[in-house]
Amino acid sequence: MGWWSERVVPRMVERTCGDPALRPLRELACAGLAGRVVEVGYGNGRNTRFCPDAVTEVLAVEPSDLAWGLSERRRASSGVPVTRAALDGRRLPLDDDSADAVLCTFTLCTIPDVGATLAEAGRVLRPGGALHFAEHGLSPEPRISRWQRRLDGLEQRLAGGCHLTRDVPALLRTAGFEVSLDHEGYVDLPAVARPWTWCTAGRALAPR
């Protein structure tokens, strides 16, 4: 990663993904988590406070040292033990069927090889386990999606590889997951932000 991605992007994410309007989506994604949870793209740890008491352990996948440092206060105040288990979601140092759940929030937009990451998530999930997610992505509204395609290249350069045009539920289905949506729509932010605020949240059962 270059200087911009290492030093600037984590602070941008701390600010933008910390918007209070996103809190309901984080709560939706974390609802029902239990046992051993792998969080891909742990970032600054904003989800930790929403983990139910049934969660016994969070294995964090986070490539950014700065983001991991920014999460220290939240980890310290959490009753759930959090371990930085890996830097790359494409290669998890975990056995097959060893995780009760996988959590991804505002992460699948940025991962370079999302297909490989989802395949790895499916590998480590136990039978019947689910990937819990809340993500922004491609709007079904043609006027907005046209703007997303126009802005996508700039977004990737400025926001550490973030894509505006990924259809996350479709990517999950292509990877073999069975998707159930709890939310599909724009976040309650000004209309000018709509290229960034079409969001989906739900659960995706592990491929059989």
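Residues numbered from 1 in each chain as written. Predicted model: local features only at pLDDT ≥ 70, side-chain atom pairs only at ≥ 80, totals over all residues. Heavy atoms only, no water.

### Thoughts on the pattern of salt bridges
Then comes step 1: Summed over the entire model, instances satisfying the criterion amount to nine salt bridges.
Then comes step 2: Asp100 is paired through a salt bridge with Arg126; the nearest N and O atoms lie 3.0 Å apart. Taken as a pair, Asp100 in strand S4 (residues 99–105) and Arg126 in strand S5 (residues 125–136) lie far apart in primary sequence, 26 residues in all.
Then comes step 3: With relative accessibility at 34%, the residue Arg126 sits in the partly exposed group.
Then comes step 4: Linking Arg123 and Glu120 is a salt bridge whose minimum nitrogen-to-oxygen distance equals 2.9 Å. Separated by three residues within a single helix, Arg123 and Glu120 lie in helix H5 (residues 114–124), roughly one turn from each other. (Salt bridge = Lys/Arg side-chain N within 4 Å of Asp/Glu carboxyl O. Helix = DSSP H or I, 4+ residues; strand = E, 2+ residues; numbered from the N terminus. Buried < 20%, exposed > 50% of the residue type's maximum accessible area, 1.4 Å probe, protein only.)

### Description of unusual backbone geometry
Then comes step 1: At Asp97, a position not held by glycine, the phi torsion is positive, near 55 degrees.
Then comes step 2: Tracing the sequence through the fold places Asp97 in the loop between strand S3 (82–86) and S4.
Then comes step 3: Look at Phe106: it is not a glycine, yet its phi comes out positive at around 50 degrees.
Then comes step 4: Here Phe106 shows up in the loop between S4 and H5.

### Comments concerning the sheet that holds S5
Then comes step 1: The strand order S3-S2-S1-S4-S5-S7-S6 describes an open sheet built from seven strands, whose pairing is mixed. In this open sheet, the two edge strands, each paired with only one partner strand, are S3 and strand S6 (178–186). Between one strand axis and the next, the sheet turns through 20 degrees on average, direction left out of account.
Then comes step 2: Taken together, the three bridges between strand S1 (residues 35–40) and S4 define a ladder with parallel strand orientation. What sits directly across from Glu39, in S4, is Leu103.
Then comes step 3: Most of the contacts of H5 go to S5, to which it runs at about 145 degrees, and overall it touches S1, S4 and S5. (Pairing = 2+ DSSP bridges. Axes fitted to C-alpha atoms, helices over the stretch in contact; angles between N-to-C directions. Contact = heavy atoms within 4.5 Å.)

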